[in-house]
Amino acid sequence: MTQDTALFPSRPLLVIYAGGTLGMRESASGLVPGGDIEARLARALAALPPAHHAALPAYEVLSLGDPIDSSAATPREWQRLAGEIAARFREHAGIVVLHGTDTLAWTAASLAYQLQGLDRPVVLTGAMQPLEAPGSDAADNLALALAFAANPALQEVAIAFGGRLLRGVRARKWQTRRADAFASPNYPLLGERVDGDAVLYPGRGLAQQQRGAPRFELPDYAPLADGGVARIVLWPGIAARQLAAWLDDPRLKGALLEVWGGGNVPANRELIGVLARASGEGKLLAALSQCPHGGVEIGHYAAGQGLAAAGVLSADAMTPEAALAKLVHLLAQPLPDEERRRRFLTPLAGER
Ligand code: ASN
């Protein structure tokens, strides 16, 4: 154990407030992000049962400029958040990020790539109801996130929500209303609240799978933040000209294609030609299944051969959030094409 890891459990956690329903207040136009977060968090936690409140770890609060509804987030916000965490993490035993739920899984995935080799917890949470709403899930989610963020055995980016802990780069928002709003379709839970305790399941964390030593990659995402990478969901009847409208755009550097079943597309020469042209121009293309469970295996069916011929990479069983954030992350770095393709196919943060 290095001196740093021996000492950091005594340091307070850092709670970074980025926005989301958790901190929202009512306005004439509906819920809007609210301020005064430190006092409001303290009040909400003080209302928890006394034994739970007493067991909470010490924390400091940092507000990230103006809090936002997470539907407004772009790769610029992912980059900013990773930069803040990288600049401050050594002063804290763990980090909690309060974030809107709508794009929380995208941010979590991006943080996992930017903060590779993390040696302590970064736990994202949010809420379906504002802190002050009757019956709100906010204080419970916050308390769970704090408890997991204080556990040095967790060494990755995770999401604490609705009593469960999910790997950030494997999670998706699955429900628009229910308190257990997130799912991890192709990876088991990292932990759960059991009888009031935040329990980590053994053997599932990245600390066991790829020993942590910070090797953060913090490239500039700004050149890709305005549509540099697209997500294109195929549908029966899609025309080559429609795909070309996306892929021929010279501002586009990469795309995630959501195809059918185990990795199939129409055997339409014109359509495959559009893919091959984009690939030939150096655009990074990856294919994901529209089925939420199970991965793609390009070329298993004849109907998938076109993807292989066009140089489209398999995103296997990654989530769309993890696959798209990975394309952004790889395209933001000055890498040779072959190295980018190799890294896309290699697990960097337990995403595949
Ligand atoms: N629209 C909100 C957001 O993502 C939803 C939430 O946080 N529950 O910021």
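Residues numbered from 1 in each chain as written. Predicted model: local features only at pLDDT ≥ 70, side-chain atom pairs only at ≥ 80, totals over all residues. Heavy atoms only, no water.

### Description of the overall build of the protein chain
Scanning the protein chain from terminus to terminus reveals twelve helices and 16 strands. For the protein chain, the C-alpha radius of gyration of 21 Å lies close to 20 Å, the compact-globule estimate for 352 residues. Viewed in the frame of its principal axes, the protein chain has a C-alpha envelope of about 65 × 55 × 35 Å. In the protein chain, buried positions account for 53% of the 352 residues. At a minimum sequence separation of 6, the contacts of the protein chain that also span at least 24 residues come to 73%. (Helix = DSSP H or I, 4+ residues; strand = E, 2+ residues; numbered from the N terminus. Rg over C-alpha atoms; globule rule 2.2 N^0.38 Å. Buried < 20%, exposed > 50% of the residue type's maximum accessible area, 1.4 Å probe, protein only. Contact = heavy atoms within 4.5 Å.)

### Some details on the site of the ligand
The immediate surroundings of the ligand are formed by Gly20, Thr21, Met24, Asp69, Ser70, Gly100, Thr101, Asp102 and Ala127. Contacts to the ligand include threonine 101, whose side-chain N or O atom sits 2.7 Å from a nitrogen atom. A distance of 2.7 Å separates a nitrogen atom of the ligand from a polar atom in the side chain of aspartate 102. When isolated, the ligand has an accessible area of 270 Å², and the protein chains bury 91% of it. For the shell around the ligand, a count of residues per class yields two nonpolar, five polar and two charged. (Near = heavy atom within 4 Å. Polar contact = N/O pair within 3.5 Å; in protein donor to acceptor, adjacent residues only side chain to side chain. Areas by Shrake-Rupley, 256 points an atom, 1.4 Å probe, with all protein chains shown as cover. Nonpolar A, V, L, I, M, F, W, Y, C, P; charged D, E, K, R; others polar.)

### Let's talk about the UniProt feature "active site" (unreviewed entry) in the protein chain
Following the UniProt record, one finds the feature "active site" (unreviewed entry) at Thr101. For threonine 101, the location among the structural elements is in the loop between β5 (95-98) and α5 (104-114). Judged by relative accessible area, which is 7%, threonine 101 ranks as buried. Contacts of threonine 101, omitting those with residues within four sequence positions, involve Ser70, Gly126, Ala127, Met128, Phe161, Lys173 and Phe182. (UniProt positions renumbered as here; feature names shortened; annotations may be inferred.)

### A closer look at the pattern of salt bridges
The final tally for this structure, using the stated rule, is 18 salt bridges. In this structure, arginine 76 engages aspartate 226 in a salt bridge whose closest nitrogen and oxygen atoms are separated by 3.0 Å. Highlighted residues: arginine 76 in helix α4 (residues 75-88) and aspartate 226 in the loop between α7 (206-209) and β13 (229-233), separated in sequence by 150 residues. Accessibility expressed as a relative area gives 36% for arginine 76, which makes it partly exposed. Since its relative accessible area comes to 62%, aspartate 226 is described here as exposed. Where glutamate 339 meets arginine 342, a salt bridge forms, and the shortest distance between an N and an O atom there is 2.9 Å. Within this pair, glutamate 339 and its partner arginine 342 are both found in helix α12 (residues 337-345), separated by three residues, close to a single helical turn. Shared partners join several salt bridges into a network, and the residues in it are Glu217, Glu339, Arg342 and Arg343. (Salt bridge = Lys/Arg side-chain N within 4 Å of Asp/Glu carboxyl O.)

### What about α12?
Where α12 is concerned, the buried positions are Arg340, Arg343 and Phe344. Looking straight down α12, one finds its buried side chains confined to an arc of 105°; they lie on one side. (Arc of directions from axis to C-beta.)

### Some remarks on the environment of glycine 162
The residue glycine 162 is located in the loop between β7 (157-161) and β8 (164-167) in this model. Its relative accessible area of 33% is what places glycine 162 among the partly exposed residues. Between the alpha carbons of glycine 162 and arginine 340 there is a distance of 36 Å; along the sequence they are 178 residues apart. Look past the residues within four positions of glycine 162 in its chain and what remains in contact with it is Asn141, Ala179 and Asp180.

### Here's the deal with the sheet that holds strand β11 (residues 191-194)
Spatial strand order, β4-β1-β5-β6-β7-β8-β11-β12: eight strands in an open sheet with mixed pairing. The outermost strands of the open sheet, each flanked by one partner alone, are β4 (59-68) and β12 (197-200). On average, adjacent strands in this sheet sit at an angle of 20° to one another, irrespective of strand direction. Two strands pair when backbone bridges link them, and β7 and β8 are joined in this way by four bridges, in the antiparallel orientation. Of the residues in β8, the one forming a bridge with alanine 158 is arginine 167. Each of β1 (13-19), β4 and β5 touches helix α2 (residues 37-46); the most contacted strand, β4, lies at about 125° to it. Lying on the sheet, α4 is in contact with β1, β4, β5 and β6 (122-125); it crosses β4 at an angle near 160°. (Pairing = 2+ DSSP bridges. Axes fitted to C-alpha atoms, helices over the stretch in contact; angles between N-to-C directions.)

### Considering unusual backbone geometry
Negative phi characterises most residues that are not glycine, and trans characterises most peptide bonds. In this model, aspartate 36 sits at a positive phi of 55°, which is unusual for a non-glycine residue. Within the secondary structure layout, aspartate 36 lies in the loop between β3 (30-33) and α2.

### Topic: the sheet that holds strand β14 (residues 254-259)
Within the open sheet, the four strands sit side by side as β13-β14-β15-β16. Their pairing is parallel. The outermost strands of the open sheet, each flanked by one partner alone, are β13 and β16 (313-314). Note: β13 against β14, five bridges, orientation parallel. Bridging from a neighbouring strand, valine 233 pairs with glutamate 258 of β14.

### Section: the environment of leucine 200
Looking at where leucine 200 falls in the secondary structure, it is placed in strand β12. In the structure, leucine 200 is positioned 87 residues away from tyrosine 113 in sequence and 22 Å away in space, judged by C-alpha atoms. In this structure, leucine 200 is in contact with Phe148, Asn151, Ala153, Leu154, Leu165, Leu190 and Gly191, ignoring residues within four places of it in sequence.

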